[in-house]
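The chain contents come next:
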Amino acid sequence: MSYTIAAQIRTEIGKGSSRRLRHANKVPAVIYGPGKEAISIVFDHKDIINIQANDDFYNTDLTIALDGKDVLVRVQDMQRHAYKTLVEHIDFKFA
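Residues numbered from 1 in each chain as written. Predicted model: local features only at pLDDT ≥ 70, side-chain atom pairs only at ≥ 80, totals over all residues. Heavy atoms only, no water.

### Overview of helix α1 (residues 15–23)
- Turning to α1, its buried residues number three or more, namely S17, S18 and L21. Along the long axis of α1, the arc covered by the buried residues comes to 100 degrees, so they all point the same way. Across α1 from its buried face, at more than 90 degrees, point the exposed residues K15, R20 and H23.
- Buried residues belonging to α1 abut β2 (26–33) and β3 (36–44).
- One or two residues past the end of α1 sits N25, with phi positive at roughly 60 degrees. (Buried < 20%, exposed > 50% of the residue type's maximum accessible area, 1.4 Å probe, protein only. Helix = DSSP H or I, 4+ residues; strand = E, 2+ residues; numbered from the N terminus. Arc of directions from axis to C-beta. Contact = heavy atoms within 4.5 Å.)

### Topic: unusual backbone geometry
- Although it is not a glycine, N25 sits at a positive phi angle of roughly 60 degrees.
- N25 sits in the exposed class, given a relative accessible area of 55%.
- In this structure, D67 is a non-glycine residue whose phi angle is positive, near 55 degrees.
- On the secondary structure map, D67 appears in the loop between β4 (62–66) and β5 (69–80).
- Judged by relative accessible area, which is 59%, D67 ranks as exposed.

### A closer look at the pairing of β5
- With 5 bridges joining them, β4 and β5 adopt antiparallel strand pairing. Note on β5: the bridge partner recorded for L66 is K69.
- Here β4 hands over to β5 after 2 residues, with D67 in that stretch at a positive phi of 55 degrees.
- As defined by bridge partners, β5 adjoins strand β6 (residues 87–94) across 7 bridges and the pair is classed as antiparallel. When the bridges of β6 are listed, M78 appears paired with I90.
- Two successive antiparallel strands, β5 and β6, enclose a turn made up of 6 residues. (Pairing = 2+ DSSP bridges.)

So, to be careful, I would describe these as geometric facts and stop short of saying anything about function.
The structure is reproduced here in structure tokens:
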């Protein structure tokens, strides 16, 4: 099964801007990998909450639609809220 997530590049980084994004039902994330520069992104929480419940989400390549081009990534790490069903941050790695 293939997954596609629409995302935007975020220019503000840091704890305060990430908190503002989470309050607006957005998820901050980062894409990184060897030989490439890290890209900070943001996407809607509703886009990720249902597909992250599937086991193959963590084992397959995902497509992130970023400013008109598709980027293939894999989930490296995911931070969830301690007791709510919220995703707080995701680290992706270039595939």
